[in-house]
Amino acid sequence: MAMHLCYSLLLLTSLCFLLRPIAATDGDADPIYKGCVEQCEKTGCVGGRCFQHCKFSSDGKPVDGPWYMHEPLYLRWKQWDCRTDCRYYCMLAREEERTKLGDKPVKYHGKWPFRRVYGIQEPVAVALSALNLAIQFHGWVSFFILVYYNLPLRPDKKTYYEYTGLWHIYGILSMNSWLWSAVFHSRDVELTQKLDYSSAVALLGYTLIVAILRAFNVRDEATRVMISAPLIAFVTTHIMYLNFYELAYGLNVKVCMIMAILQLLIWAVWAGISKHPARRKLWLVVVGGGIAMLLENFDFPPYKGYVDAHALWHATTIPLTFLWWSFIRDDAEFRTSSLLKKVK
């Protein structure tokens, strides 16, 4: 009962953060910053740093060919243009001035002032996204080996575990989501943003479906389709809205948070009433996931220009993912053992 109460309070707090107003960014409205960007686009320089690709001829065309050919090879694929470089270095210069005056960092064009590493916008978030991708791959492979090589199979060589196919799809969607997360944090443009948001929404929608099917022990294919169809339609509509109508960040956050909270509630209730042998692992994932959502909502400036709340959220998902796949494997063993007892 105490655990249920703590978790309810945790969810209420998450909802409060979800409904809080979002403050407008001030950095790009700063006259000093705007003046720096305008001057940079004319001269191609910020302080003592000049950008070759900011040099244009009288007809507006870049001097000596396309601007990106002046960049080192490892930066060309990033496709930084004159404006983005001017904004970046003007932001750094302005933040240095603000730090000397004792002012706190502010957001520029909706993002905190991150420091690049080899052209990567958010290097810590990229590294942690890659680690999450590796953990998901490890979890999926270990699950595959367990159900097909370590556990008994039916006479038709299919697994006894009724949710094998669902978890395979989950593994693929998870790895896809973390891949695009790494790409998006590496270079934030409209295309990478859409791919990151779309893959995350698809994953959350699918995990909500899996939570319903497993918690209610739905094994009939027709019933699974009836339950999944409206959720798939909703997720598909939302993804199309983001990609072809409006890339609405605030709306997307609310949709993702609601789907995440719903599935955490389903798993929490199921863990509380079931006698599953791995329910303690599930409880840890549920409570950890709730705390991680709170961390995601504590939006603070990146420490030293590298580590912000979102990066820390990526860090928390690494042990949670490892624990989650451990629960899935335990569930496969538990269900297989139960079905074999019935067969005998």
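A quick note: this is a predicted structure, and the numbers were derived from the prediction, not measured.

Draft legend 1. The arrangement of the overall build of the protein in detail. For the protein, the count of helices and strands is 11 helices and 2 strands. Beginning at the N terminus, the succession of helices and strands in the protein can be written as α-α-β-β-α-α-α-α-α-α-α-α-α. A buried classification covers 44% of the 344 residues belonging to the protein.

Draft legend 2. Layout of the nonpolar core. Residues Trp167 and Trp324 are the most contacted members of the largest nonpolar core, which totals 46 residues. Secondary-structure elements contributing two or more residues to this core are helix 5 (123-150), helix 6 (164-186), helix 7 (190-215), helix 8 (221-244), helix 9 (249-273), helix 10 (279-297) and helix 11 (309-343). Of all the elements, helix 9 adds the most residues to this core, at 12 residues. If we skip the residues at most four places from it in the chain, Trp167 touches Trp140, Phe143, Tyr161, Tyr206, Val210, Trp324, Trp325 and Ile328. Grouped together as the second largest cluster of nonpolar side chains are 15 residues, Tyr33, Cys86, Cys90 and Tyr108 included.

Draft legend 3. Here's a closer look at the side chain of Ser198. One can find Ser198 in helix 7. By relative accessible area, which is 13% here, Ser198 ends up buried.

Draft legend 4. Geometry of the UniProt feature "transmembrane region" (unreviewed entry) in the protein. Residues given the UniProt feature "transmembrane region" (unreviewed entry) here are residues 124-151, 163-183, 195-213, 225-245, 251-270, 282-298 and 310-328. End C-alpha to end C-alpha, residues 124-151 measures 39 Å, and it is 96% helix and 0% strand. Secondary structure content for residues 195-213 is 100% helix and 0% strand, and the end C-alpha separation is 27 Å.

About the cut-offs
Residues numbered from 1 in each chain as written. Predicted model: local features only at pLDDT ≥ 70, side-chain atom pairs only at ≥ 80, totals over all residues. Heavy atoms only, no water. Helix = DSSP H or I, 4+ residues; strand = E, 2+ residues; numbered from the N terminus. Buried < 20%, exposed > 50% of the residue type's maximum accessible area, 1.4 Å probe, protein only. Core = buried A, V, L, I, M, F, W, Y, C linked by side-chain atoms within 4.5 Å. Contact = heavy atoms within 4.5 Å. UniProt positions renumbered as here; feature names shortened; annotations may be inferred.

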